[in-house]
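One-letter residues, chain by chain:
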Amino acid sequence: MQDKFNQFFNRWNGKPCEVEDPSNLDQCFDLAFAWIDSLAIPRDTIRHLYAYEIYTKAFDRTRQYFDIIANTPDGIPKVGDVVIFGTGIGIAGHVSISNGKGDTNTFESFDQNFPTGSKCHIQVH
């Protein structure tokens with residue numbers, strides 16, 4: 001998974017990623033869709049109106065491809081994990097891809113549009 005993440009990171013880092021809806025450019029969902037595209041996972045497994053719904057409205061098709069893991073005080077996302085943030089991060093929440101670096105206090109992920117308007121980059125959460 002590390003090699004796949006590195007290739008994906010090298011392709012998109014510092015660039016805008018638009019793969020889904022050109023009427024709503026460069027959203028966090030675009031980067032998530034690009035990531036699962038690179039893994040040959042169908043987009044409908046995570047497609048929702050809001051990012052937080054990937055977790056709160058996970059359905060059988062989602063569970064076919066993903067383990068739904070709750071946030072816990074000792075949880076640390078692994079490289080390639082799709083990380084979902086709730087509505088504490090704006091009305092829609094947020095989605096990013098873990099690079100596997102972190103501890104129980106902070107972690108890093110590959111993000112777009114967090115902060116708002118930012119291109120693809122590593123973000124500490």
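Right above here is the structure, for reference.
Residues numbered from 1 in each chain as written. Predicted model: local features only at pLDDT ≥ 70, side-chain atom pairs only at ≥ 80, totals over all residues. Heavy atoms only, no water.

A. Region of the structure containing the overall build of the protein chain. Scanning the protein chain from N- to C-terminus turns up four helices and four strands. Counting helices and strands in the order they occur from the N terminus, the protein chain gives α-α-α-α-β-β-β-β. For the protein chain, the C-alpha radius of gyration of 13 Å lies close to 14 Å, the compact-globule estimate for 125 residues. Residues classed as buried in the protein chain amount to 38% of the 125 residues present. Carbon and sulfur atoms provide 51% of the accessible area of the protein chain, an area that totals close to 7,100 Å². (Helix = DSSP H or I, 4+ residues; strand = E, 2+ residues; numbered from the N terminus. Rg over C-alpha atoms; globule rule 2.2 N^0.38 Å. Buried < 20%, exposed > 50% of the residue type's maximum accessible area, 1.4 Å probe, protein only. Areas by Shrake-Rupley, 256 points an atom, 1.4 Å probe, with all protein chains shown as cover.)

B. Spotlight on helix 1 (residues 2-12). Burial in helix 1 covers these residues: Phe5, Phe8, Phe9 and Trp12. Looking straight down helix 1, one finds its buried side chains confined to an arc of 100°; they lie on one side. Helix 1 presents Asp3, Gln7, Asn10 and Arg11 as exposed residues on the side facing more than 90 degrees away from its buried surface. Contact partners of the buried residues in helix 1: helix 2 (28-38), strand 2 (94-102), strand 3 (107-111) and strand 4 (121-124). Just downstream of helix 1, Gly14 is the residue with a positive phi angle, here 80°. (Arc of directions from axis to C-beta. Contact = heavy atoms within 4.5 Å.)

C. View of the environment of Gln123. By the element assignment, Gln123 lies in strand 4. The sequence separation of Gln123 and Ser109 amounts to 14 residues, and the corresponding C-alpha distance is 5.5 Å. When neighbours within four sequence positions are excluded, Gln123 is seen to be in contact with Phe107, Glu108, Ser109, Asp111, Phe114 and Pro115. A distance of 2.9 Å separates polar atoms of two side chains, one belonging to Gln123 and the other to His121. (Polar contact = N/O pair within 3.5 Å; in protein donor to acceptor, adjacent residues only side chain to side chain.)

D. Focus on the sheet that holds strand 3. One open sheet holds the four strands; their spatial order is 1-2-3-4, and the pairing between them is antiparallel. Only two strands of the sheet have a single partner each, and these edge strands are strand 1 (82-85) and strand 4. Averaged over neighbouring strand pairs, the angle between their axes works out to 45° when direction is ignored. Here four bridges tie strand 1 to strand 2, and the two strands are oriented antiparallel to one another. Pairing of Phe85 across the sheet is with His94, part of strand 2. Along the sheet, helix 2 contacts strand 1, strand 2 and strand 3; its crossing angle with strand 2, the most-contacted strand, is approximately 60°. (Pairing = 2+ DSSP bridges. Axes fitted to C-alpha atoms, helices over the stretch in contact; angles between N-to-C directions.)

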